[in-house]
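# Observations on chain architecture
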Amino acid sequence: MKYVIGIDLGTSAVKAILVNMKGTVIAEAAEAYPLIHEKAGYSEQKPEDWTDGTVAAIARLVNEAGVAAADIDGISFSGQMHGLVLLGEDGEPLRHAILWNDTRTTEQCRRITEELGPQLLRIAKNQALEGFTLPKLLWVQQNEPELFARAAAFMLPKDYVRYRLTGHMATDYSDAAGTLLLDVMEKQWSTAIADAFGLPLSLFPPLLESSDCVGTLLPEMAGKTGLSPQTKVYAGGADNACGAIGAGILHPGTAMCSIGTSGVVLAYEENRCADYEGKVHFFNHGLTNAYYVMGVTLAAGYSLQWFKETFGHGLSFDELLNGIEDIPAGSGGLLFTPYLVGERTPHADAVIRGSFIGMDGSHTLQHFARAVLEGITFSLKESLDILRASGKEISAVISIGGGARNETWLQMQADIFGTEMVKLKSEQGPAMGAAMLAAYGAGWFPTLEVCADAFLMASERWKPDPNRNEMYEQLFDVYRQVYANTQTLNEGLLPFRR
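Presented here is an overview of the structure given in this document.

Rules behind the numbers
Residues numbered from 1 in each chain as written. Predicted model: local features only at pLDDT ≥ 70, side-chain atom pairs only at ≥ 80, totals over all residues. Heavy atoms only, no water. Helix = DSSP H or I, 4+ residues; strand = E, 2+ residues; numbered from the N terminus. Rg over C-alpha atoms; globule rule 2.2 N^0.38 Å. Contact = heavy atoms within 4.5 Å. Pairing = 2+ DSSP bridges. Axes fitted to C-alpha atoms, helices over the stretch in contact; angles between N-to-C directions. Buried < 20%, exposed > 50% of the residue type's maximum accessible area, 1.4 Å probe, protein only. Salt bridge = Lys/Arg side-chain N within 4 Å of Asp/Glu carboxyl O. Core = buried A, V, L, I, M, F, W, Y, C linked by side-chain atoms within 4.5 Å. 1 Å grid on protein atoms, 1.4 Å probe; cavity = no way out; pocket = protein on both sides within 12 Å on 5 of 7 lines; lining within 4 Å. Points joined across faces, edges and corners; volume = space filled by probe spheres on them. Nonpolar A, V, L, I, M, F, W, Y, C, P; charged D, E, K, R; others polar. Phe/Tyr/Trp six-rings, centres within 6.5 Å; stacked < 30°, edge-to-face > 60°.

## With respect to the overall build of the chain
Counting its regular elements, the chain contains 17 helices and 24 strands. The globule rule puts the C-alpha radius of gyration for 498 residues at 23 Å, and the 22 Å found for the chain is close to it. Expressed as lengths along the three principal axes of its C-alpha atoms, the size of the chain is roughly 65 × 50 × 45 Å. Put simply, of all contacts in the chain between residues at least 6 apart along the chain, 72% involve residues at least 24 apart.

## Points about the sheet that holds strand 23 (residues 420-424)
To summarise the sheet geometry, strands pair through backbone hydrogen bonds and adopt either a parallel or an antiparallel arrangement. Spatially, 18-19-17-16-22-23-24 is the arrangement adopted by the seven strands of the open sheet, whose pairing is mixed. A strand with exactly one partner marks an edge of an open sheet, and here the two such strands are strand 18 (281-284) and strand 24 (458-462). Within the sheet, the average angular offset between the axes of one strand and its neighbour, ignoring direction, is 30 degrees. Here four bridges tie strand 22 (residues 396-401) to strand 23, and the two strands are oriented parallel to one another.

## Concerning helix 10 (residues 239-246)
Counting buried positions along helix 10 yields seven of eight residues, so the element is predominantly enclosed. Every buried residue belonging to helix 10 is among Asn240, Ala241, Cys242, Gly243, Ala244, Ile245 and Gly246, and all of these are buried. Immediately beyond the C-terminal end of helix 10, within one or two residues, lies Gly248, with a positive phi of roughly 80 degrees.

## A closer look at the pattern of salt bridges
In this structure the tally under the stated criterion is 27 salt bridges. Several salt bridges share partner residues, and in doing so they unite Glu44, Arg95, Asp102, Arg104 and Glu144 into one network.

## Topic: the nonpolar core
Residues Ile5 and Phe455 are the most contacted members of the largest nonpolar core, which totals 168 residues. For this core, the element with the most residues is helix 13 (residues 365-389), which contributes eleven residues. Not counting the four nearest positions on each side in its chain, Ile5 is found in contact with Ile17, Leu18, Ile58, Leu61, Val62, Ile72, Gly74, Ile75, Ser76, Leu227, Ala435 and Ala438.

## Describing empty space enclosed by the protein
With the rule as written, the count across this model stands at two cavities of 30 Å³ or more. Broken down by class, the residue content of the lining of the largest cavity amounts to six nonpolar, three polar and five charged. Its volume calculated, the second largest cavity comes out at about 30 Å³. Together, Tyr173, Lys187, Glu209, Asn284, His285, Leu287, Thr288, Asn289 and Ala290 line the second largest cavity.

## Some remarks on the layout of surface pockets
Here the second largest pocket defines a volume of roughly 320 Å³. Surrounding the second largest pocket, 18 residues form its lining, Ala247, Gly248, His251, Thr254 and Ile398 being those nearest its centre. Residue assignment for the lining of the second largest pocket shows that the elements contributing at least two residues are strand 22, strand 23, helix 16 (448-455) and strand 24. The leading source of residues in the lining of the second largest pocket is helix 16, at three residues. In terms of residue class, the lining of the second largest pocket is made up of eleven nonpolar, four polar and three charged.

## Some remarks on the packing of aromatic side chains
Evaluated as defined, the whole model comprises 19 aromatic pairs. Consider the rings of Phe283 and Tyr292, whose centres lie 5.8 Å apart with planes at 65 degrees: the pair is edge-to-face. Of the residues examined, Phe283 reaches a relative accessible area of 0% and is grouped as buried. Using a relative accessible area of 0% as the deciding quantity, one classes Tyr292 as buried. With a centroid separation of 5.8 Å and an interplanar angle of 35 degrees, the aromatic rings of Phe378 and Phe476 are classed as tilted. Placement of Phe378 in helix 13 and of Phe476 in helix 17 (residues 466-493) is noted, with a sequence separation of 98 residues between them. Residue Phe378 is classed as buried on the basis of its relative accessible area of 0%. One aromatic cluster is present, built from ring pairs that chain together Trp306, Phe307, Phe311, Phe336, Phe356 and Phe368.

Shown next as structure tokens:
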């Protein structure tokens, strides 16, 4: 029996899974690392924390599984998108990495939009948002010019870790698409965008397919992880692209809902020329010459985590959500909007903030907890409705991440989305997608689609209840009215934010 390792470099932790040729997860390990918030709107991490965490997770995985190093055919990666790692001539980071959820770059986004106009959507297929990499590069260029002058290359988070493990710099098309610097249809770095902002192409890493082999492990890293120096390392993909692979979103008509720190509604896109006018993201897939479209809720699982830490008094997530199944749909007239760190889709707004509306003395902790889940799901429905409005037929949605771990929430998603929700038998999200890329790259299967047929299987399904669906449609109309009113109130509160 042979094995592959899938690595998912998340925002709060790195996860590693060991998968055999049947798609069975033999072992898994995770290592957490801290976030750095020096100022309001700033979100950074130390790139070396990612490397140390990844090495430790692989070492523990190999040790606990008791598998011979020679039987591990390869490693591949999934990683948090958009993060900026700037390297000097010596290959070392020049500063902390600026993450996807950092919102300091509003000024740079305006500059990009004004400078490029409609050319931006034609080339990069996405509008300028604070989360993307290009605004971060411009922020450093403007605010840390001496440091920027020393930069020899930029990298994305997973690519930095892979570079540390192999010594080879590269990125894949799915992650490059999230930089706002890639010509998405032509699959090459855009000289037009780079030239517009004085960015030398020497900064940009080489481009690869997600299943391409980048190299093998450096002897030092092989020793630290317990793997063979001959272990092949494959490029991997952006977390959402790998999540799509790990959920089997590899052909038209398929969609998924992924709830982690952020939340994503994603569908396969067969038309490379499709124009969503920037309302949702359009990215290269980890599947060669394929694409996907997605909408993003910035604070999905984060909203629930914030609520637990602020009001849960030491409760676990299971304890916090215990009893929400007894609260009627609509949470007794209590409504939550999950704009805790701004919003991405359909409101590209880094300044907007969240709210509870309709509170009264009868509401309990369970009402509030259910309202948080409903608000997160309403936000995701906004993205799903945009995809449907484009003509996409979505008969079922595969749920992965935190939203797939609670049956009441799965039923809620079915009722709010008005479609069947599917839970996978072995749901490992982006880590499984990374493992599948390694399995395909290693030659186990002729295509990723065949790999998905072998590795992935549905376990349970939830169908929408017509009565609750109708009630949620009415409540959703109220939810959509909140944003415009909150915008006005939010401006008045800005001076009081710390």
